[in-house]
Amino acid sequence: MESSILDRILSNLSTHKSRNAFYINEQFYTYTDLAHKVAGINEALKDIPNQSCVGVIATDSIETYASILALWFNKLVFIPISPSNSKERNQNSIKQADVKTILTPTIDDANIINSKDLKLVTTNNLSSEDDIENKNVRENNILYTLFTSGSTGTPKGVPINLKNLNAFIPSFINIGFDLDENDKCLQIYDLSFDASVHCYVLPLFLGACIYTVPPKEVKFLYAYKLMKEQQLTFVKMPPSTLSYLKPYFNKIDLPKLKYTCFGGEALPENLVIDWQKCAPNTEIHNVYGPTEATINCFSYTANSPKSNNSIVSIGKAMDGINAIVIDEDGNILSENEKGELCVSGNQITAGYWKNESKNAAAFLEIKGERFYKTGDIVYYDNDGDFFYCDRKDNQVQIQGYRVELGELEHHAREITHLNNVAAIAKVDSKGINQLYLFIENYSGSEKELKEKLAQKVPNYMLPQQIKSITIFPKTTGGKIDRNELKSLLA
């Protein structure tokens, strides 16, 4: 293997010139098309200082993916600016990362931000046949920073460097995936979510083709259309996406699908059993990992799954990852003892973006080894397989996105000027995790509150229902009894 994933991707741009790299909005783009776009964007980046953060309006376009590669080859940091986020959230990311330049496919695409004091570079007409050089060779160079949900209402930045991604890709392949340039891979995720990095970097590393889901389409239906019509061989998706397809399972037949990876949410055992009937030749993997550990750090082959409370095991740590379980005092626990999962290794971020207090709380050192505290409560069995049980805090997974309930509560308090607010996550009858918002003595309009929340948070963080309650139930410790609130939901 070349010295880094970037060297390998660069090599593939010339080795696989005539092969398809992307299928976007029913149009194929070859590796040559991609290379010409990257070369054209390179010219616009030449005067930007190394390791500067550059925003990319993350549309479903060849220009967006070419922009990411151009930034990486030029030692610059990719900051995704997502059309699915509120303008306020995007402005927060731009401010925190000190972004001064924005790459956008068209000027119209930049309407999702306040572009005052920013340099806008339109990329749709940038193309060149010049040679491309990978200048990015230092492993501590940051490749991208993702801003995840924060309980104070301010998203926190997670920088991932070249060392982290160099560790992840071979570790993932070493799980046992037989993949090469002939494979056809699904990309269903918003580019502000770390699983998207997996879904375009791995195929580009292989010289394979990436099939994207346009944001305007119904995700689960379009993903199925791609799987069937384009005969995809590798797909990764949140379990909730597949859950929406369950009414059609008896009509689905995908014999060409080699691998299905589920991640971002707890995987129900019955979903695995049903999906195998739809894709009889697929090998199912349940993958797990926080953004801070570079996409995935655990994997479990789930065709004959072990489960806890009908939730499939997350399996064992991937190559290069050391995993331990600790109690509240930091003592290392043994098998079948529940505690907080902590992980170490080359995939772990160097620390949060300009947030030393968060770093002090989230990382610990044991016998000279630096661990990240995931906040997930787990245990491992006699075979060494790990099982996810719950969150240590109020952080949940919604549609594959990590959400801190406190952020939704924070914005609801600011809008309503009411203090007693509680966000609840509960799995509905379809097996999909949904958000609900309870507010004590709220007499306003549910519709208007949702509209105001939509200006603050992404769509996936909007509550399914907003309920007013006269008096919040309390625990013996005086805290809001969230379990009691859950029981009030139909």
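Scroll up for the structure.
The following paragraphs examine the structure supplied in this document. (Residues numbered from 1 in each chain as written. Predicted model: local features only at pLDDT ≥ 70, side-chain atom pairs only at ≥ 80, totals over all residues. Heavy atoms only, no water.)

1. So, the overall build of the protein
Counting its regular elements, the protein contains 13 helices and 27 strands. Radius of gyration (C-alpha) of the protein: 22 Å, near the 23 Å computed for a compact globule of 490 residues. Counting only C-alpha atoms and orienting by the principal axes, one finds that the protein spans roughly 70 × 55 × 55 Å. For the protein, the proportion of its 490 residues judged to be buried stands at 57%. (Helix = DSSP H or I, 4+ residues; strand = E, 2+ residues; numbered from the N terminus. Rg over C-alpha atoms; globule rule 2.2 N^0.38 Å. Buried < 20%, exposed > 50% of the residue type's maximum accessible area, 1.4 Å probe, protein only.)

2. Description of the nonpolar core
Judged by nonpolar contacts, the single largest core of 81 residues is most densely connected at F22, L34, W72, Y200 and V343. The element contributing the most residues to this core is helix α3 (residues 62-73), with nine residues. Apart from residues no more than four positions distant in its own chain, W72 is found in contact with L6, F78, N134, N136, L143, Y144, L165, V197, Y200 and V201. Counting residues in each nonpolar core, the second largest holds 57 residues, with Y189, L245, L271 and V272 among its members. (Core = buried A, V, L, I, M, F, W, Y, C linked by side-chain atoms within 4.5 Å. Contact = heavy atoms within 4.5 Å.)

3. Comments concerning helix α2 (residues 31-45)
In a regular helix each residue adds 1.5 Å, so 15 residues correspond to 21 Å; α2 covers 21 Å between its end C-alpha atoms and thus fits that length. Every buried residue belonging to α2 is among Y31, L34, A35, K37, V38, A39, G40, I41, N42 and L45, and all of these are buried. Against the buried residues of α2 lie α1 (5-15), β1 (20-24), β2 (27-30), α3, β5 (101-104) and α6 (195-206). (Expected span 1.5 Å × (residues − 1).)

4. A closer look at the pattern of salt bridges
Within this structure, the stated rule accounts for 16 salt bridges. Here E407 and R89 are joined by a salt bridge, their closest N and O atoms 2.9 Å apart. With E407 in helix α11 (residues 405-416) and R89 in helix α4 (residues 87-96), this residue pair connects regions lying 318 residues apart in the sequence. There is no split in this pair, since E407 and R89 are both buried. (Salt bridge = Lys/Arg side-chain N within 4 Å of Asp/Glu carboxyl O.)

5. Quick look at the packing of aromatic side chains
Aromatic ring pairs are defined here through the distance separating the ring centres and the angle between the ring planes. Applying the stated criterion to the full structure yields 23 aromatic pairs. Summarising the aromatic geometry, the rings of Y189 and F193 are spaced 5.4 Å apart at their centres and angled 50° between planes, so their arrangement reads as tilted. Cluster of aromatic residues (ring-pair linked, three or more members): F22, Y65, W72, Y144 and Y200. The ring of F205 has R8 sitting right over it, with the charged end atom 4.3 Å from the ring centre. The ring centre of F363 lies 4.0 Å from the NZ or CZ of R370, which sits over that ring. (Phe/Tyr/Trp six-rings, centres within 6.5 Å; stacked < 30°, edge-to-face > 60°. Lys NZ or Arg CZ within 6 Å of the ring centre and 35° of its normal.)

6. Some remarks on the pairing of strand β13 (residues 283-288)
With five of its six residues buried, β13 lies for the most part within the structure. The pairing of strand β12 (residues 259-262) with β13 spans four bridges and is classified as parallel. Across the sheet, residue C261 finds its bridge partner in β13, namely H285. Crossover handedness for the path β12 to helix α9 (residues 269-278) to β13: right-handed. Across four bridges, the pairing between β13 and strand β14 (residues 298-301) is antiparallel. Opposite Y288, over in β14, you have F298 as the bridge partner. (Pairing = 2+ DSSP bridges. Right-handed = clockwise from strand over helix to strand, strands pointing away.)

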